[in-house]
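Spelled out, the chains give:
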Amino acid sequence: MSRVCVSVGWKDLGFDMTVFSVTRGSDVSLQFVVSDELGDPIDLTGGSIAFLDVSDALVSRISGAITNAASGQVVVSIEGTIPLVVGDYGFRVQILGVASSVGWPLFTLRVT
């Protein structure tokens, strides 16, 4: 399983940090810490994850969970056992049900 760890904070949302490269056939686990503009974790207690603008090839393969709500920790998993065709696949993540919804720009999964 490929693992990519990223800290996602409000201040990071404008930067081009959204392309993740993986080897064809690999499962992917993207681990995030959601933080505010000061770098402090956002409490995600009571929140849930929604996926938007998901490439057709990822729809049945993508899942997510809040792994430690108080510390703002989120994991997004993409199953790759049945290999995806080489190329780029997009998705957006949104956290719902917290003080204010948290949404991120389009992520690109680049399969090589």
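In this text the structure is predicted, and so the values were computed from the model without any measurement.

Definitions and cut-offs
- Residues numbered from 1 in each chain as written.
- Predicted model: local features only at pLDDT ≥ 70, side-chain atom pairs only at ≥ 80, totals over all residues.
- Heavy atoms only, no water.
- Buried < 20%, exposed > 50% of the residue type's maximum accessible area, 1.4 Å probe, protein only.
- Helix = DSSP H or I, 4+ residues; strand = E, 2+ residues; numbered from the N terminus.
- Pairing = 2+ DSSP bridges.
- Contact = heavy atoms within 4.5 Å.
- Lys, Arg positive; Asp, Glu negative; His and termini not counted.
- Salt bridge = Lys/Arg side-chain N within 4 Å of Asp/Glu carboxyl O.
- Polar contact = N/O pair within 3.5 Å; in protein donor to acceptor, adjacent residues only side chain to side chain.

Chemist: Could you give an account of the pairing of strand β2 (residues 19-22), with specific residues and numbers?
Modeler: The side-chain alternation of β2 yields one buried face, formed by Phe20 and Val22, and one unburied face, formed by Val19 and Ser21. As judged from the 4 bridges shared by β2 and strand β9 (residues 107-111), these two strands associate in the parallel manner. Bridge assignment links Val19 to a residue of β9, and that residue is Thr108.

Chemist: Help me get a handle on the side chain of Thr108, residues and values and all.
Modeler: Note that Thr108 resides in strand β9. Judged by relative accessible area, which is 16%, Thr108 ranks as buried. Setting aside residues no more than four positions away along its own chain, Thr108 makes contact with Thr18, Val19, Phe20, Asp88 and Tyr89.

Chemist: Account for the side chain of Arg61, with residues named and values stated.
Modeler: Its place among the elements puts Arg61 in the loop between β4 (48-52) and β5 (62-68). There is no salt bridge for the buried Arg61, and the closest opposite charge comes from Glu79, which lies 4.1 Å off by N-O distance. Here Ala57 takes part through its backbone oxygen, which lies 3.2 Å from a polar atom of the side chain of Arg61.

Chemist: Which residues make up the pairing of strand β6 (residues 73-78), and what values go with them?
Modeler: Sheet analysis places strand β3 (residues 28-35) next to β6, joined by 6 bridges and oriented antiparallel. Paired with Phe32 across the two strands is Val74, which belongs to β6. Bridge count between β5 and β6: 6 bridges; the pairing is antiparallel. Bridge assignment links Gly64 to a residue of β6, and that residue is Val76. Where β5 folds back on β6, the antiparallel hairpin that results is connected by 4 residues, among which Gly72 adopts a positive phi of roughly 70°.

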